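Coordinates in review
Each chain, letter by letter, is given below.
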Amino acid sequence: VTGRCGVFVDGRWLDRKGVPLEVVNPATEEVIADVSQAQHPDVDAAVAAARAAFPLWAHTTPAERRQLLAGIEQGLEERSEELARTVTAEIGSPLWFSRSAQVGLAIAGVRALREALADGIPDERVGDALVVSEPVGVVAAITPWNFPLHQIVQKVIAALAAGCTVVLKPSELAPLSAIAFTEVLDKAGLPPGVVNLLIGAGPIVGERLARHDGIEMVSFTGSTATGRRVGAAAMAGIKKVTLELGGKSANLLLDDCDWSTVVPKAVRQCFANSGQTCVAFSRLLVPDDHVGEVEELCRDAARSWAPGNPQAEGVLMGPLVSRSLRARVRTYIASGIAQGARRVSDEAVELPERGWYVAPTVFGDVTPAMTIAREEIFGPVLSVMPYRDVDEAVAVANDTPYGLSGGVWSADTGRAVAIARRLCTGEVAINGAELELAAPFGGRRRSGHGREGGRHGILEFLESKTLLGAA
Ligand code: NDP
């Protein structure tokens with residue numbers, strides 16, 4: 001598709017003349033679309049439109065906003081198959097995963113936010129004071145490519161639910177799903193200016209947006225390095241900032257696990273979406289007298305993750321999103337070998353001729369000091385790390401600058417929960433539990449701050465005002 005408009009401001013699609021953005025399918029390396037990009041003046045126009053739309057939108061009732069959210073949910077459902085195919089074409093997620101996790105999560109996320117508005121946004125009495133909640137204002141939402149629709153929903157729909165207006169800057173690697181999402185919002189009857197879309201490069205459009213004086217809050221999801229930069233740009237104007245950043249999650253297997261059941265699931269928790277998930281459980285902590293058995297099961301499980309055409313049925317894993325990410329992941333694999341890790345998975349994996357594929361890789365003999373155990377790889381690379389006792393396992397799990405997610409597996413749930421309480425992360429999955437979209441999601445330490453999802457996600461976009469003597 002040529003000539004797609006990537007700029008939606010004040011309810012209108014604007015065709016821009018500059019250099020278009022080429023969208024490349026990572027499975028074929030072919031250009032599948034080009035999209036017109038926003039220029040600096042478009043950032044100013046989008047912020048102005050969102051500011052102009054704010055007073056009316058902020059005064060809609062939660063019930064009115066819920067109704068609009070229901071229309072958006074329905075619009076996404078109507079286009080769900082097309083959206084899944086778009087995400088697969090843009091980022092290479094296997095089609096089954098695009099349907100279930102990419103689009104499925106996005107729709108379920110809208111539903112969770114809509115349901116969280118069911119009781120409105122109640123005032124609170126504190127002594128003689130009445131504490132009321134108000135939308136924070138105009139929000140800049142900057143999102144990554146790995147779960148393009150889900151990340152957009154968690155910000156844009158939560159901000160709308162709170163009564164904020166939004167300027168969205170999605171990843172330049174996944175503009176087509178963001179355009180389709182904006183069309184759904186427009187069709188659902190969102191007033192002009194309430195949500196504006198700017199396709200464009202991060203350092204140009206994103207940075208100007210984060211710095212813009214007309215923005216009151218920046219909600220960012222992406223890498224820790226970019227988050228630091230975006231946070232600094234936003235803080236120059238003392239804006240409210242939430243950051244959902246990278247991770248290096250540990251998955252603790254306790255000694256009472258049923259290994260043949262647990263290990264394939266643990267491998268999946270690392271390899272899903274080709275390892276390109278912020279929560280990827282990339283460190284597998286195993287009691288040292290079970291390491292041999294676990295490594296063998298990992299090798300077998302990795303075989304079922306052989307990469308292939310993401311459009312084909314039965315393919316669990318597609319390519320990585322870009323040539324540059326593949327180069328980065330290969331460098332990490334080489335560093336693992338150079339630093340003394342032992343490759344447990346098959347070395348000779350047949351990869352499709354074209355496309356940015358990488359073999360799923362499991363390493364044994366990984367020590368906490370190795371680069372592959374410390375840095376976020378964002379590819380299908382799993383490190384098996386032995387531990388002697390539970391205290392050591394907890395210490396290793398927490399020995400990371402990150403604090404996003406983690407897992408604990410045990411036949412005794414109470415034992416697993418006790419360990420989970422000792423992990424310094426925003427969430428812990430007990431025995432492979434799935435994401436709960438109505439519960440808060442977010443990180444600690446270098447994984448960022450702020451929470452997304454359901455009621456907690458909406459609260460981030462509200463400010464309290466204390467009316468003394470009003471109660
Ligand atoms: P990046 O940090 O590269 O980019 C994220 C967004 O920031 C993109 O829209 C990007 O635009 C934009 N951007 C880049 N530079 C700037 C800048 N100087 N100013 C403003 N905006 C900028 O991350 P990726 O897209 O590569 O996503 C992968 C990362 O996201 C991983 O580290 C992953 O862990 C993290 N992530 C965290 C999640 C969480 O909830 N904690 C969830 C999902 C991912 P452009 O694409 O145009 O460069």
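1. So, the side chain of Arg-283
Relative to the elements of secondary structure, Arg-283 occurs in strand 13 (residues 283–287). Despite being buried, Arg-283 has no salt bridge partner; Asp-399 is the closest side chain of opposite charge, sitting 6.5 Å away. A distance of 3.0 Å separates a polar side-chain atom of Arg-283 from the backbone oxygen of Val-396. For Arg-283, the contacting residues outside a window of four places in its chain are Lys-248, Ser-249, Ala-250, Asn-251, Ala-373, Leu-382, Ser-383, Met-385, Val-396, Ala-397, Asp-399 and Thr-400.

2. Considerations on the packing of helix 2 (residues 62–78) against helix 6 (residues 175–187)
For the pair helix 2 and helix 6, interaxial distance at closest approach is 9 Å and the crossing angle is 135 degrees. By the angle class used here, helix 2 and helix 6 are oblique. Crossing of helix 2 against helix 6: the hand is right-handed. Two secondary-structure elements touch here, helix 2 through Ile-72, Gly-75, Leu-76 and Glu-78 and helix 6 through Phe-181, Val-184, Leu-185 and Lys-187. Looking at side-chain class alone, the contact of helix 2 with helix 6 contains five nonpolar, one polar and two charged residues.

3. Observations concerning the environment of Leu-197
For Leu-197, the location among the structural elements is in strand 9 (residues 195–198). A C-alpha to C-alpha distance of 38 Å links Leu-197 and Ile-430, two positions 233 residues apart in sequence. Residue contacts for Leu-197: discarding those within four places in its chain leaves Gly-6, Val-7, Phe-8, Trp-13, Leu-168, Pro-170, Ala-178, Ile-179 and Thr-182.

4. Topic: the pattern of salt bridges
Within this structure, the stated rule accounts for 26 salt bridges. Arg-85 is paired through a salt bridge with Glu-81; the nearest N and O atoms lie 2.9 Å apart. Of this pair, Arg-85 and Glu-81 are both found in helix 3 (residues 80–91), four residues apart, which corresponds to roughly one turn of the helix. What makes Glu-81 partly exposed here is its relative accessible area of 31%. In this structure, Glu-81 and Arg-99 form a salt bridge, with 2.8 Å as the shortest nitrogen-oxygen distance. Within this pair, whereas Glu-81 is found in helix 3, its partner Arg-99 is found in helix 4 (residues 95–116), the two being separated by 18 residues in sequence. Bridged by salt links that share partners, the residues Arg-4, Arg-79, Glu-82 and Glu-183 form one connected network.

5. Some details on the nonpolar core
Across soluble globular proteins, nonpolar side chains have a tendency to be buried as a group. Val-156, Ile-157 and Leu-160 are the most contacted members of the largest nonpolar core, which has 87 residues in total. When residues of this core are assigned to their parent elements, the largest contribution, ten residues, is made by helix 5 (residues 148–162). Those residues in contact with Ile-157 that lie beyond four places of it in its chain are Leu-69, Ile-72, Val-110, Leu-113, Ile-152, Phe-181 and Leu-185. Among the nonpolar cores identified, the runner-up in size contains 26 residues, and Val-7, Val-167, Val-205 and Phe-220 belong to it.

6. Concerning the sheet that holds strand 2 (residues 12–14)
With mixed pairing, the eight strands of this open sheet are ordered in space as 2-1-9-8-7-10-11-19. Only two strands of the sheet have a single neighbouring strand rather than two, namely strand 2 and strand 19 (448–449). Sheet topology note: the strand 10 (residues 217–221)/strand 11 (residues 240–244) ladder contains five bridges and is parallel. The residue bridging Ser-219 from the neighbouring strand is Thr-242, located in strand 11. Relative to strand 9, helix 6 is tilted by about 160 degrees, and along the sheet it contacts strand 1 (7–9), strand 2 and strand 9.

7. Focus on a positive patch on the surface
Together, Arg-228, Arg-444, Arg-445 and Arg-446 give the surface a local cluster of positive charge. By the secondary structure assignment, Arg-445 is in the loop between strand 18 (429–430) and strand 19. Look at Arg-445 and you get partly exposed, because its relative accessible area is 39%.

8. A short note on the packing of aromatic side chains
The tally for this structure, following the rule as stated, stands at five aromatic pairs. A ring pair is formed by Phe-8 and Trp-13, whose centres lie 4.8 Å apart and whose planes are at 50 degrees; its orientation type is tilted. On the basis of relative accessibility, which here comes to 29%, the residue Trp-13 falls in the partly exposed class. Taken together through their ring pairs, the aromatic side chains of Trp-96, Phe-97 and Phe-147 make up a single cluster.

9. A word on the site of the ligand
Around the ligand sit 31 residues, and of these Lys-169, Glu-207, Ser-223, Leu-245 and Glu-376 come closest. Between an oxygen atom of the ligand and a side-chain N or O atom of Trp-145, the distance comes to 2.9 Å. Backbone polar atom of Gly-202 to an oxygen atom of the ligand: 3.0 Å apart, as the coordinates give it. For the ligand, whose unbound accessible area comes to 910 Å², protein coverage reaches 90%. Residue assignment for the shell around the ligand shows that the elements contributing at least two residues are helix 7 (202–211), strand 10 and helix 8 (224–235). For the shell around the ligand, the element with the highest residue contribution is helix 7, accounting for four residues.

Analysis parameters
Residues numbered from 1 in each chain as written. Predicted model: local features only at pLDDT ≥ 70, side-chain atom pairs only at ≥ 80, totals over all residues. Heavy atoms only, no water. Helix = DSSP H or I, 4+ residues; strand = E, 2+ residues; numbered from the N terminus. Buried < 20%, exposed > 50% of the residue type's maximum accessible area, 1.4 Å probe, protein only. Lys, Arg positive; Asp, Glu negative; His and termini not counted. Salt bridge = Lys/Arg side-chain N within 4 Å of Asp/Glu carboxyl O. Polar contact = N/O pair within 3.5 Å; in protein donor to acceptor, adjacent residues only side chain to side chain. Contact = heavy atoms within 4.5 Å. Axes fitted to C-alpha atoms, helices over the stretch in contact; angles between N-to-C directions. Parallel < 35°, antiparallel > 145°, perpendicular 65-115°, else oblique. Left-handed = near helix turned anticlockwise from the far one by under 90°. Nonpolar A, V, L, I, M, F, W, Y, C, P; charged D, E, K, R; others polar. Core = buried A, V, L, I, M, F, W, Y, C linked by side-chain atoms within 4.5 Å. Pairing = 2+ DSSP bridges. Patch = residues over 30% accessible without salt bridge, like charges linked within 9 Å, V, L, I, M, F, W, Y side chains within 5 Å. Areas by Shrake-Rupley, 256 points an atom, 1.4 Å probe, with all protein chains shown as cover. Charge placed at Lys NZ, Arg CZ, Asp CG, Glu CD. Phe/Tyr/Trp six-rings, centres within 6.5 Å; stacked < 30°, edge-to-face > 60°. Near = heavy atom within 4 Å.

Keep in mind these numbers describe shape, not what the thing actually does.
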